[in-house]
Structures are given as structure tokens and as C-alpha cells.
Amino acid sequence: MISDVGFVISNLNSAGSNNIIMPKFEIENSKFDIEQIRPELTWRLRQRVMYPQSKLYEMEMEEDNDGIHFGAFEDNALVGVVSLFQQGKDFQFRKFAVDTGMQNKGIGNALLKYMEDFALNEGAERIWCNARVSAIGFYMKFGFFKTGKIFSKNGLDYEVMEKVIV
Ligand SMILES: CC(C)(COP(=O)(O)OP(=O)(O)OC[C@H]1O[C@@H](n2cnc3c(N)ncnc32)[C@H](O)[C@@H]1OP(=O)(O)O)[C@@H](O)C(=O)NCCC(=O)NCCS
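Residues numbered from 1 in each chain as written. Predicted model: local features only at pLDDT ≥ 70, side-chain atom pairs only at ≥ 80, totals over all residues.

Engineer: An account of the overall build of the protein is requested, with residue identities and associated values reported.
Structural biologist: A count of helices and strands for the protein gives three helices and nine strands. Listed by position from the N terminus, the elements making up the protein come as β-β-β-α-β-β-β-α-β-α-β-β. Counting only residues that meet the buried cut, the protein has 25% of its 166 residues in that class. Considering only contacts within the protein whose residues lie at least 6 apart along the sequence, 54% involve residues at least 24 apart. (Helix = DSSP H or I, 4+ residues; strand = E, 2+ residues; numbered from the N terminus. Buried ≥ 20, exposed ≤ 12 C-beta atoms within 10 Å, placed from the backbone. Contact = placed C-beta atoms within 7 Å.)

Okay, structure coming up:
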């Protein structure tokens, strides 16, 4: 379970100004700090991990401003990102990326748990994603099911995966 530990003041912009106040949650037994972050902070990891052939400026999505974005930090370094989009009681997450050198250390799991608890707290009944086929095993370990809806986009194969969480 996550517990609300109040509010923190974050100055995540490079200029160090324009501080903003964000809610902060903590996961019991997690060695990674997970916080909500501004959309633009996800772009660099998105690019490096998911779209190394693309340019950084191509990482922005029109929908970014409608999403809730989470970052996992180790020693203040951003090592994982994921973006969550609400459609009623359905929550879709997108652009899940853990820094290449930091994979298989539990960061993805911690982010997924944090995000699921967050969504539950917001009244979610279902959480889903378009899973890269290469990541299906990761989601299955976390209780997601394959839906059989398969598609390809830009040379990659995907399957819609979901978890009903009521
Ligand atoms: C998929 C991804 C987010 C997982 O994050 P991670 O931090 O490496 O995952 P974790 O270390 O928390 O792994 C949790 C468990 O899933 C397993 N796992 C991780 N990636 C896996 C994969 N691609 N396939 C099958 N199992 C996987 C781990 O071995 C671990 O198993 P264990 O609990 O038995 O030890 C990360 O590997 C990544 O960013 N991949 C490249 C981008 C990508 O494919 N994103 C998903 C797009 S849908």
C-alpha cells in the first residue's frame, strides 16, 4: 500500500525557480523514491530507452498535459518514468521506461505498484496498456492479462493488456 506523507516542494525545473507543490506518496519497503513529475521530465528517458532512433523534440505527446506522470529516482537521478491517463474508471498507462542500465532491479515493479495504488485511490476499476510484446512477461508477473487484441505500429508488435483492480 502507498501512504500519503503530505506535500513536498519540488524545484524540478533546471532554472531552479518556479517551485511547485506536489503530493508525495511512499511505498513501503521500496528503495526508490517515486514522485509525480512534470511531463517534460519524462521525455529524455522515453527517447533514450524506447525511441533511440528519434529526436528528443519528438517525444512530446499532445496528450501529455492530460496525463499524470511518475518518475522513479535513485540518489536523485531519474531512472524510470511512466505516464497515466484517466478515462472514467479506466486508466491507461503509456511510455513506461526504465533506464537501460537500471533494468531488472525492481524499478519497473515499484513504478507499476505505485501507479496502480494511485489509480485505485482515484477510483480506478481497470488499468491497461498497449504492451510491447517484449514486455508482456513483465506485466504478466504483475497480474496483467493478455486481451488477445494484437496490433503492430512503427515496426513493433503490441498486445493490449489489462488488470481489473476493483
Ligand atoms: C519493461 C520495463 C519497464 C521493466 O522494468 P524493470 O525495472 O526492468 O523491471 P523489474 O526489474 O521491476 O522486473 C520485475 C520482474 O519482471 C521481470 N521482467 C522485467 N522485464 C521483463 C521482460 N521484458 N519480460 C519478462 N519479464 C521481465 C524481471 O525479471 C522481474 O522478475 P522477478 O520479480 O521474478 O525477479 C523495462 O525493462 C523497460 O523499460 N524496457 C524497455 C522499454 C519497454 O519495453 N517499456 C514497456 C513498453 S510497453
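Engineer: Pulling in residues and values, what's your account of the site of the ligand?
Structural biologist: Near the ligand there are 20 residues, and of these Gln-103, Gly-108, Asn-109, Gly-137 and Phe-138 occur at the shortest range. Listed by contribution, the elements that provide at least two residues to the shell around the ligand are helix 1 (43–50), strand 6 (90–98), helix 2 (107–121), strand 7 (126–132) and helix 3 (136–141). For the shell around the ligand, the residue count by class is ten nonpolar, seven polar and three charged. (Near = placed C-beta within 6 Å. Nonpolar A, V, L, I, M, F, W, Y, C, P; charged D, E, K, R; others polar.)

Engineer: Lay out the environment of Asn-109 in plain terms, naming residues and giving numbers.
Structural biologist: Within the secondary structure, Asn-109 is located in helix 2. For Asn-109, a count of 16 C-beta atoms within 10 Å puts it in the partly exposed group. A sequence separation of 32 residues divides Asn-109 from Lys-141, and the C-alpha atoms of the two residues are 9.2 Å apart.

Engineer: Quick rundown of the nonpolar core? Include the residues and the values.
Structural biologist: Counting residues in each nonpolar core, the largest one holds 31 residues, and the members touching the most others are Phe-70, Val-82, Phe-93, Leu-111 and Met-115. Elements supplying a minimum of two residues to this core: strand 3 (33–37), strand 4 (68–74), strand 5 (77–87), strand 6, helix 2 and strand 7. With eight residues, the single largest contributor to this core is helix 2. Met-115 has contacts with Phe-70, Val-82, Leu-84 and Phe-93, leaving out every residue within four places of it along the chain. (Core = buried A, V, L, I, M, F, W, Y, C linked by C-beta atoms within 7 Å.)

Engineer: Would you mind going over unusual backbone geometry in detail, with residue names and values included?
Structural biologist: In this structure, Asp-75 is a non-glycine residue whose phi angle is positive, near 50 degrees. Summarising the element assignment, Asp-75 is placed in the loop between strand 4 and strand 5. Positive phi outside glycine occurs at Asn-76, with the angle close to 65 degrees. In this structure, Asn-76 sits in the loop between strand 4 and strand 5.

Engineer: Describe helix 2, listing the residues and the values that go with them.
Structural biologist: A rise of 1.5 Å per residue sets the reference length of helix 2, with its 15 residues, at 21 Å; its end C-alpha atoms lie 21 Å apart and thus fit the reference within 8%. Among the residues of helix 2, Ile-107, Gly-108, Ala-110, Leu-111, Leu-112, Tyr-114, Met-115, Glu-116, Phe-118 and Ala-119 are the ones counted as buried. Looking one or two residues past helix 2, Gly-123 carries a phi angle of roughly 90 degrees, positive in sign. (Expected span 1.5 Å × (residues − 1).)

Engineer: So what's going on with the pairing of strand 6? Which residues, and what values?
Structural biologist: With seven bridges connecting them, strand 5 and strand 6 associate as antiparallel partners. Within the sheet, the bridge partner assigned to Phe-85 lies in strand 6 and is Gln-92. Between strand 5 and strand 6, which follow one another and run antiparallel, lie two residues, and Gly-88 among them has a positive phi close to 65 degrees. Where strand 6 and strand 7 come together, three bridges link them in parallel fashion. In the strand pairing of strand 7, Asp-90 is matched with Arg-126. Tracing the backbone out of strand 6, into helix 2 and back to the parallel element strand 7 gives a crossover that is right-handed. (Pairing = 2+ DSSP bridges. Right-handed = clockwise from strand over helix to strand, strands pointing away.)

Engineer: I'd like to hear about the environment of Glu-162, residue by residue, with values.
Structural biologist: Note that Glu-162 resides in strand 9 (residues 156–164). For Glu-162, a count of 18 C-beta atoms within 10 Å translates into the label partly exposed. Ignoring any residue separated from it by four or fewer positions in sequence, one finds Glu-162 in contact with Arg-126, Trp-128, Phe-144, Phe-145 and Thr-147.

Engineer: Tell me what's going on with the pairing of strand 4, and back it up with residues and numbers.
Structural biologist: As paired strands, strand 3 and strand 4 are joined by five bridges and run antiparallel to one another. Counted as the bridge partner of Glu-35 is Gly-71 from strand 4. Note: strand 4 against strand 5, seven bridges, orientation antiparallel. Across the sheet, Ile-68 pairs through a bridge with Leu-84, a residue of strand 5. Counting the residues in the hairpin turn of strand 4 and strand 5 gives two residues, including Asp-75, whose phi is positive at 50 degrees.

Nothing here speaks to function; it is all geometry.
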